[in-house]
Amino acid sequence: SVQAAVDHQLNDFVATQPNTKISLVTFNNEVTVFGDGKNDAVIVTGDKLNDNDALAKIGSEMILPGSIKDTCKDLSAKLFNLEESGSTALGPALVVSIAMAARVPGSRVVVCTDGLANVGLGSLDELHTEEQVKRGQQFYEKLGIQAVDSGVVVSVVSIKGTDCRVIELGQVASQTGGQVTIVDPLTLTQQFSTILANPIIATNVVTKLILHSGLYFRHEDYQSASCVTIQVGNVTADTELTYEYGMRSKKPRTEKTDTAADAASGTTTIKEEGQTAGGAVGGATATAAPETPPLMVDGKECLPFQLQISYTSLDGAQCNRVITQAKPITKDRQIAEASANVQVMGVHVAKATAKMALEGEYTKARTKALANQRLVQRVGYVRACMYGCGMRLLCP
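This one's a predicted model, so the numbers in the text were calculated from it and none came from an experiment.

### Section: the overall build of the protein chain
Looking only at helices and strands, one finds eleven helices and 16 strands in the protein chain. The 396 residues of the protein chain split such that 34% are buried. Pairs at least 24 residues apart make up 70% of the contacts formed inside the protein chain by residues separated by at least 6 positions. Element-wise, carbon and sulfur atoms account for 52% of the exposed surface of the protein chain, whose accessible area totals about 23,700 Å².

### Remarks on the sheet that holds strand 7 (residues 200-210)
Spatial ordering of the open sheet is given by 9-7-15-16, a layout of four strands whose pairing is antiparallel. The open sheet terminates on both sides in strands that have one partner only, identified here as strand 9 (227-236) and strand 16 (318-328). Between one strand axis and the next, the sheet turns through 20° on average, direction left out of account. In this sheet, strand 15 (residues 302-312) lies alongside strand 7 in antiparallel orientation, the contact comprising six bridges. Paired with Thr203 across the bridge in strand 15 is Thr312.

### Considering the environment of Arg321
Relative to the helices and strands, Arg321 is located in strand 16. Separated by eleven residues in the primary sequence, Arg321 and Ser310 have C-alpha atoms spaced 6.4 Å apart.

### Observations regarding a nonpolar patch on the surface
Side chains of Ile167, Leu358 and Tyr362 sit close together on the surface and give an oily, nonpolar patch of about 280 Å² of accessible area. Following the sequence through the fold, Ile167 ends up in helix 6 (residues 166-176). Residue classification places Ile167 among the partly exposed positions, given a relative accessible area of 38%.

Here is what the cut-offs are and how they apply
- Residues numbered from 1 in each chain as written.
- Predicted model: local features only at pLDDT ≥ 70, side-chain atom pairs only at ≥ 80, totals over all residues.
- Heavy atoms only, no water.
- Helix = DSSP H or I, 4+ residues; strand = E, 2+ residues; numbered from the N terminus.
- Buried < 20%, exposed > 50% of the residue type's maximum accessible area, 1.4 Å probe, protein only.
- Contact = heavy atoms within 4.5 Å.
- Areas by Shrake-Rupley, 256 points an atom, 1.4 Å probe, with all protein chains shown as cover.
- Pairing = 2+ DSSP bridges.
- Axes fitted to C-alpha atoms, helices over the stretch in contact; angles between N-to-C directions.
- Patch = residues over 30% accessible without salt bridge, like charges linked within 9 Å, V, L, I, M, F, W, Y side chains within 5 Å.
- Salt bridge = Lys/Arg side-chain N within 4 Å of Asp/Glu carboxyl O.

None of this, on its own, says anything about what the molecule does.
Following this line, the structure appears as structure tokens:
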């Protein structure tokens, strides 16, 4: 079924994108680089499977493939002659494939496997200690960084019911903007089409989002900053970035009051805004009810946002784009919830919880997902009430 799915995709490219260039790399206990099928295959085995530099050199020196309209028959013949055997040198095959694709920025590598990487670099079997697991993860993280720097997207297709340790392999896909898909063999053809139907439109993408000083990014990695730069890497037309931010409170002003008695005793009384100097009457302690602290955005009707995007287009041009907008704000909870974009919220929470789960923070991920679920339910309820009462509200 895997061979049939790949062959179907090759023929689809001939009909829809005849100038696309495709190479075939297979792996078992060794790595075989067929290229476009018109030249002799290059077989990588032995010590080279553990030598990252040697593997990358082999990939970078391979002959660039011809257009699929000219190579489809040769690739199909090589494809249907393949037989399942041996172990799984997935890591070495991935190093070679990324090095090959890196020669043409904007290229894509699709890894299809039904087995656990257990030969050469990136071997994931027999990981018994935390250190061994960490070492395996670091290999794929490093490989993902190399792919991003080269403008290569990596997607992983795993067959349902097999143990491929998708968490580790997913590091490469998530860093490069690719997909991780676990599929039933019967739907493999459709999944291949979905992955390859979304081409890269830019590489080396860097975004910088600037908020009003009264706002801050809530993610712990951003340290409550109002300006965040993200190395995105490769993007397609469907790439989405989401941010979560909060509002800063005003810092209370302090007033120093020096009395003659204080001066004589060498002490200073600090009086904060909103407090009295006394604080006790008749021996009883005065306790003020907690109040919501004033916000830095109080009194403003709208706030400015600026997004700066730098990227490399597929023709190699260095480009910059700046988007500046002023967005209205409200302190009315009902209006805010009724105007919420549920789709954006869903995308953000899905990404955030997936990252938490990938890092083993399952309880934290579940808590965030449930909190978002309750918020979405409340948004639906508020909208129903407002519309049911005849109120007209423009929602995005």
